[in-house]
Amino acid sequence: MKTSMYIVLSFAISAVIVPVVIKICNKFNIFDTAGGRKIHKGNIPRMGGIGFVLSFLIVSIVYVFTKEVTNMQRLLPLLSGGLIIFCFGILDDIITLKARYKLVAQILAAFIVVFFGFTFTSFGPIQLGLLGPAISFIWILGVVNSFNLIDGLDGLCGGLSFFIMLTYGILFFTNSHLISGLCLIFAGALAGFLVYNKPKAKIFMGDGGSQFLGFMVAVLPLYSTNTTFEYNKMPIVFLLASLPIYDTIAAIWRRIRDKQKIMHGDKAHTHHKLLKMGYSTWGVLTILYSIQLFLCITCIISATIDSRYRESIILICGLIGITLFFAIIHYTYTNMCRMQKKSDE
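Quick caveat, the model's predicted, so the values are computed rather than measured.

## Overview of the overall build of the protein chain
Next up, step 1: Along its length, the protein chain carries 14 helices and four strands.
Next up, step 2: What you see for the protein chain is a C-alpha radius of gyration of 20 Å, in line with the 20 Å of a compact globule of 345 residues.
Next up, step 3: Referenced to the eigenvectors of the C-alpha coordinate spread, the extents of the protein chain come out at roughly 65 × 50 × 35 Å.
Next up, step 4: Looking at the protein chain residue by residue over its 345 residues, the buried ones come to 52%.
Next up, step 5: In the protein chain, the share of contacts with a sequence separation of at least 24, taken over all contacts with a separation of at least 6, comes to 74%.
Next up, step 6: For the protein chain, the exposed surface amounts to about 16200 Å²; the carbon and sulfur share of it is 68%.
Next up, step 7: Within the protein chain, one finds 29 positive and 15 negative side-chain charges whose respective centroids are separated by 4 Å.

Put into structure tokens, the structure is as follows:
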């Protein structure tokens, strides 16, 4: 069976499972309630991540076995770590776990994949050596939590992840057909979920879904590839995930500045700022999807350049672009708040 058929199958299974999850959540009152820092109205079913996670796991396992059974041994750490993250996330969706328990699960999952060789090996011409596992470990924890934090708007986390997985599929096509296929299968599963998560969302992915997404975005590109792709792999994957990463860095800085706990939630994430600036939900999605597409296209173009020097220049331009975007949003939002404060006085 061709890879395209697996992608369609993944979409179909996800699109079938999610409505079932919605009915279960409604029956057992498993909702994401309105209020606090939430921007939705009414009680919305959560745990929609079950749909795309199960779809991805089922189809990817079949896909790997049809390619070569020995590949499953190489991917077992990835799937095991993802399941640990997902199960603890689901528990949090049901009974609300303390942050430290979720962190323990993330550390365990990250340790498993790093121990079995899912690591960065170089940064440009610099061989990382023993630094590779340490950097990879921090990278995984950071990305998992970044995607968890940015999951605050209908279709946002799932949509960004969809574009990233599509880009991974393209980037890995000439380096690893297996990982390329898995990324595209995951994109198909996400598309099936987004049918129900687009504004106005019928279901949210929950912590289980967002943390699993972050884990896969972080770990899938750590699969070993050829030397050419490894050269700039670290800046490429950082740039692809930079939107949620920058948003998280800004949140951490904001909470330290305001002398609040780092895990303290607020309504000053990028999507919150854009909403307060007058954009509709679809308007915010259009802006952030466009930024993500810019990052994806930049990375694809850089990977097709034969010159490593030119490839690095393109990636630096992409990094400058996303930095300018956050600077403009911060300046505009701060200036708007200042003017509103003056008018109130």
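Moving on from the coordinates now.
## What about unusual backbone geometry?
Next up, step 1: The residue after Pro199, namely Lys200, is reached through a cis peptide bond having omega -15°.
Next up, step 2: Within the secondary structure, Lys200 sits in the loop between helix H7 (177–197) and helix H8 (206–219).
Next up, step 3: Its identity is not glycine, yet Thr96 carries a phi of approximately 60°, on the positive side.
Next up, step 4: For Thr96, the position within the fold is in the loop between helix H3 (70–95) and helix H4 (99–115).
Next up, step 5: When its relative accessible area of 61% is taken as the criterion, Thr96 is described as exposed.

## A look at the packing of helix H10 (residues 233–240) against helix H13 (residues 281–304)
Next up, step 1: Orientation of H10 relative to H13, taken along the N-to-C sense of each, is 165°, at an axis distance of 9 Å. Classified by the angle their axes make, H10 and H13 are roughly antiparallel. Considering how the two elements wind past one another, H10 and H13 form a crossing that is left-handed. Across the interface between the two elements, Ile236, Leu239 and Leu240 of H10 pack against Gln292, Leu295, Cys296, Thr298, Cys299 and Ser302 of H13.
Next up, step 2: Taken together, the residues of the contact of H10 with H13 sort by class into six nonpolar, three polar and no charged.

## With respect to the packing of aromatic side chains
Next up, step 1: Overall, the coordinates contain 16 aromatic pairs when judged by the stated rule.
Next up, step 2: Considering the side-chain rings of Phe52 and Phe193, the 5.2 Å spacing of their centres and the 70° angle between planes classify their relative orientation as edge-to-face. Highlighted residues: Phe52 in helix H2 (residues 49–67) and Phe193 in helix H7, separated in sequence by 141 residues.
Next up, step 3: Summarising the aromatic geometry, the rings of Phe111 and Phe115 are spaced 5.8 Å apart at their centres and angled 25° between planes, so their arrangement reads as stacked. You can see Phe111 and its partner Phe115 sitting in helix H4, four residues apart, about one turn around the helix.
Next up, step 4: The class of Phe115 is exposed, set by a relative accessible area of 59%.
Next up, step 5: Cluster of aromatic residues (ring-pair linked, three or more members): Phe52, Phe56, Phe86, Phe186, Phe193 and Phe212.
Next up, step 6: Between Arg74 and the ring centre of Phe118, over which it is positioned, the NZ or CZ distance is 4.7 Å.

## Focus on the side chain of Asn148
Next up, step 1: On the secondary structure map, Asn148 appears in helix H5 (residues 131–150).
Next up, step 2: One polar contact links Asn148 to Ser210, side chain to side chain, over a distance of 2.8 Å.
Next up, step 3: Sequence-distant contacts of Asn148, that is, excluding residues within four places in its chain, are made with Asp207, Ser210 and Gln211.

## A few points about the pattern of salt bridges
Next up, step 1: The full count for this structure, using the stated rule, is seven salt bridges.
Next up, step 2: Salt-bridge contacts for Arg254 lead to Asp266; the nearest nitrogen and oxygen are separated by 3.0 Å. Here Arg254, found in helix H11 (residues 242–257), pairs with Asp266, found in the loop between H11 and helix H12 (270–276); they are twelve residues apart in sequence, far enough to count as distant. The burial state of Arg254 is the same as that of Asp266; both residues are buried.

## As for H2
Every α-helix carries 3.6 residues per turn, so stepping three or four residues along brings you back to the same face.
Next up, step 1: Here H2 contains 19 residues, and its C-alpha end-to-end distance of 27 Å stays within 8% of the 27 Å for a straight helix at 1.5 Å per residue.
Next up, step 2: Listed in full, the buried residues belonging to H2 are Gly49, Ile50, Gly51, Phe52, Val53, Ser55, Phe56, Leu57, Val59, Ser60, Tyr63 and Val64.
Next up, step 3: In this structure, the buried residues of H2 make contact with helix H1 (3–27), H3, H7 and H8.

## Focus: H11
Next up, step 1: Taking 1.5 Å of rise per residue, the 16 residues of H11 would be expected to cover 22 Å, and the 22 Å separating its terminal C-alpha atoms lies within 8% of that figure.
Next up, step 2: Within the sequence span of H11, burial applies to Ser242, Leu243, Pro244, Ile245, Tyr246, Asp247, Thr248, Ala251, Arg254 and Arg255.
Next up, step 3: In this structure, the buried side of H11 is in contact with H5, helix H6 (156–171), H10, H12, H13 and helix H14 (308–344).
Next up, step 4: Note on H11: the residue one or two positions beyond its end, Lys259, has a positive phi of about 60°.

## What to know about the nonpolar core
Next up, step 1: The biggest cluster of nonpolar side chains holds 98 residues, and the ones touching the most others in it are Phe52, Phe56, Trp139, Ile140, Met165, Phe186 and Phe215.
Next up, step 2: Here this core gets eleven residues from one element, more than from any other, and that element is H7.
Next up, step 3: With sequence-adjacent residues up to four places away left out, Met165 is seen in contact with Cys183, Phe186, Ala187, Leu190, Met216, Val217 and Leu220.

The rules behind the values
Residues numbered from 1 in each chain as written. Predicted model: local features only at pLDDT ≥ 70, side-chain atom pairs only at ≥ 80, totals over all residues. Heavy atoms only, no water. Helix = DSSP H or I, 4+ residues; strand = E, 2+ residues; numbered from the N terminus. Rg over C-alpha atoms; globule rule 2.2 N^0.38 Å. Buried < 20%, exposed > 50% of the residue type's maximum accessible area, 1.4 Å probe, protein only. Contact = heavy atoms within 4.5 Å. Areas by Shrake-Rupley, 256 points an atom, 1.4 Å probe, with all protein chains shown as cover. Lys, Arg positive; Asp, Glu negative; His and termini not counted. Charge placed at Lys NZ, Arg CZ, Asp CG, Glu CD. Axes fitted to C-alpha atoms, helices over the stretch in contact; angles between N-to-C directions. Parallel < 35°, antiparallel > 145°, perpendicular 65-115°, else oblique. Left-handed = near helix turned anticlockwise from the far one by under 90°. Nonpolar A, V, L, I, M, F, W, Y, C, P; charged D, E, K, R; others polar. Phe/Tyr/Trp six-rings, centres within 6.5 Å; stacked < 30°, edge-to-face > 60°. Lys NZ or Arg CZ within 6 Å of the ring centre and 35° of its normal. Polar contact = N/O pair within 3.5 Å; in protein donor to acceptor, adjacent residues only side chain to side chain. Salt bridge = Lys/Arg side-chain N within 4 Å of Asp/Glu carboxyl O. Expected span 1.5 Å × (residues − 1). Core = buried A, V, L, I, M, F, W, Y, C linked by side-chain atoms within 4.5 Å.

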